[in-house]
Every structure is written in structure tokens, then in C-alpha cells.
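Working through the structure, step by step
Chain by chain, the residues:
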Amino acid sequence: SSANEIERIGIEREQLTVIPPGVHERFTPDESQRSLTPEVVVVGRLAPVKRQRLALDALEIARRSVPNLTVRLVGDGPDRPVIEAWITEHDAANWVQVAGRVSDEALVDAYRSAWLVLSASHAEGWGMSLTEGGACGTPCVATDIAGHRGAAIDGLTGLLVPDTPDTGDTRLVDRLGSAVAELLVDGDRRAAMRTASI
């Protein structure tokens, strides 16, 4: 999908080589580590392009249908103070954990524990968190952008939610929140996606 975007800006296809990123062998499923209660993991640099605050708005909506939902944010970056302020303003410390930068082993544990990986990114070269999560048997909900289309298959390994200028942030938040809630309450569908993701 990134090659398609590059071609659209005028670089000929023959000049492009697509090399799919690998996933380290440590990323494997282990259902014994899966949380007993609904848990979502958001992994990535805490930066405006990743839109973690928008993801939190969506997860707050999902909690209307899944009130025991908890969230783990893995990563660090310039948006951390703003995200921590959001948590305080929304009285969300009891359901949102900012884990910060973690070890490789803790990252694998986070994917294995979560029921879903969520990414609200506006742009990605490749959705590594979706790929790593999938290797751990964790389906995703993500924005339908170029990098995510390469890392997830809509309806099979997760749900890709349209992210177009005409939807606006408010509608995107509603759509992401609804998609998360939809998958969290549908164990059979999540199980099928888990199998397809590995």
C-alpha cells in the first residue's frame, strides 16, 4: 500500500522494491497469558501522528458497552504529558495505564494479554504493532490507512475503520469506539480473527 502511494506521487513502479518487514520469533501466541477481562493495548511512540488521545476517546466510548475494559499504552514520546493530562481530566487512572517504554519481553506479554491491539494512527509506513500483535494471536482495530492495510486484513485479522477527511475526528472516534466494542463482546469472531492473525 505504501508503494501505491509513492507511485501516485509520480515515482514509477519499476523503481520501487517492497520488502515486507519481519517479525521477531519472540512474538508468538500464549493463550494462558490472555487477560480474563477485556484489555486493549496501544503500542507506539506517543506522538501527534499516532493519535493516542483520539484512541482514548474511542475507548471511552467502547466502555459504555464494555464497562470493565482496561487499556495499556506502551511507548513514550512528546505527547506523554498531554496523554497524562487526558487521563486526569477524564478520571481514567483506574482503567488506563501508561506503561511507557518497556522491555522486549514486556512488550510480548502486553500483546499476549490484550484482547485487541488498537491503532488510531493518521499515517504509518507499516503497522508493526498490528503485525506483532497478530503474531501473538491478538486481532486489531485500526484506521484504514496505507500502512495498516499492509499489516491487517479487514474482517479477517481485525477491523479497519475509514479515516478520511470527510469523516472528521468526531465520527472517527465513534467508529473506532463502536468497532472496539463490537469485537470485545463477540468472542467467537475474536477467536476466528486470532487464528487468522497467527
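From a predicted model like this one, the values you see are computed outputs, not experimental measurements.

**Concerning the side chain of Arg112**
By the secondary structure assignment, Arg112 is in helix α4 (residues 104–113). It is Asp30 that comes nearest to the buried, bridge-free Arg112 among opposite-charge side chains, at 4.3 Å. Those residues in contact with Arg112 that sit more than four places away from it in its chain are Arg26, Thr28, Pro29, Asp30, Gln33, Arg34, Cys136 and Thr138.

**A few points about the sheet that holds strand β5 (residues 140–144)**
Strand order in the open sheet made by the 6 strands is β3-β2-β1-β4-β5-β6, with parallel pairing throughout. Here the strands that pair on one side only, and so sit at the sheet edges, are β3 (96–100) and β6 (158–162). Between one strand and the next, the sheet's axes are offset by a mean angle of 25°, whatever the strand orientation. Across 5 bridges, the pairing between β5 and β6 is parallel. Bridge pairing in β6 places Val141 opposite Leu159.

**Structural notes on a nonpolar patch on the surface**
Taken together, the side chains of Ile6, Ile9 and Ile11 make up a nonpolar region of the molecular surface, amounting to roughly 270 Å² of accessible area. Considering the arrangement of structural elements, one finds Ile6 in helix α1 (residues 2–8).

**Concerning the packing of aromatic side chains**
Inspection of every chain in the model, using the stated rule, returns 2 aromatic pairs. Plain terms: the ring middles of Phe27 and Tyr111 are 5.9 Å apart, the flat faces sit at 65° to each other, and that makes the pair edge-to-face. Highlighted residues: Phe27 in the loop between α1 and β1 (39–43) and Tyr111 in helix α4, separated in sequence by 84 residues. By relative accessible area, which is 7% here, Phe27 ends up buried. The exposure class assigned to Tyr111 is buried, which follows from its relative accessible area of 0%. Aromatic pair Trp86 and Trp95: ring centres 6.1 Å apart, planes at 80°, arrangement edge-to-face. The same class applies to Trp86 and to Trp95, which are both buried.

**Examining the pairing of β5**
Burial within β5 is extensive, with 4 of its 5 residues counted as buried. As paired elements, strand β4 (residues 116–119) and β5 share 3 bridges and run parallel to each other. Within β5, the position partnered with Val117 by the bridge is Cys140. This β-α-β element, β4 to helix α5 (residues 128–135) to β5, shows right-handed connectivity. Handedness of the β5-helix α6 (residues 146–151)-β6 crossover: right-handed.

Reading the values: rules and limits
- Residues numbered from 1 in each chain as written.
- Predicted model: local features only at pLDDT ≥ 70, side-chain atom pairs only at ≥ 80, totals over all residues.
- Heavy atoms only, no water.
- Helix = DSSP H or I, 4+ residues; strand = E, 2+ residues; numbered from the N terminus.
- Buried < 20%, exposed > 50% of the residue type's maximum accessible area, 1.4 Å probe, protein only.
- Lys, Arg positive; Asp, Glu negative; His and termini not counted.
- Salt bridge = Lys/Arg side-chain N within 4 Å of Asp/Glu carboxyl O.
- Contact = heavy atoms within 4.5 Å.
- Pairing = 2+ DSSP bridges.
- Axes fitted to C-alpha atoms, helices over the stretch in contact; angles between N-to-C directions.
- Patch = residues over 30% accessible without salt bridge, like charges linked within 9 Å, V, L, I, M, F, W, Y side chains within 5 Å.
- Areas by Shrake-Rupley, 256 points an atom, 1.4 Å probe, with all protein chains shown as cover.
- Phe/Tyr/Trp six-rings, centres within 6.5 Å; stacked < 30°, edge-to-face > 60°.
- Right-handed = clockwise from strand over helix to strand, strands pointing away.

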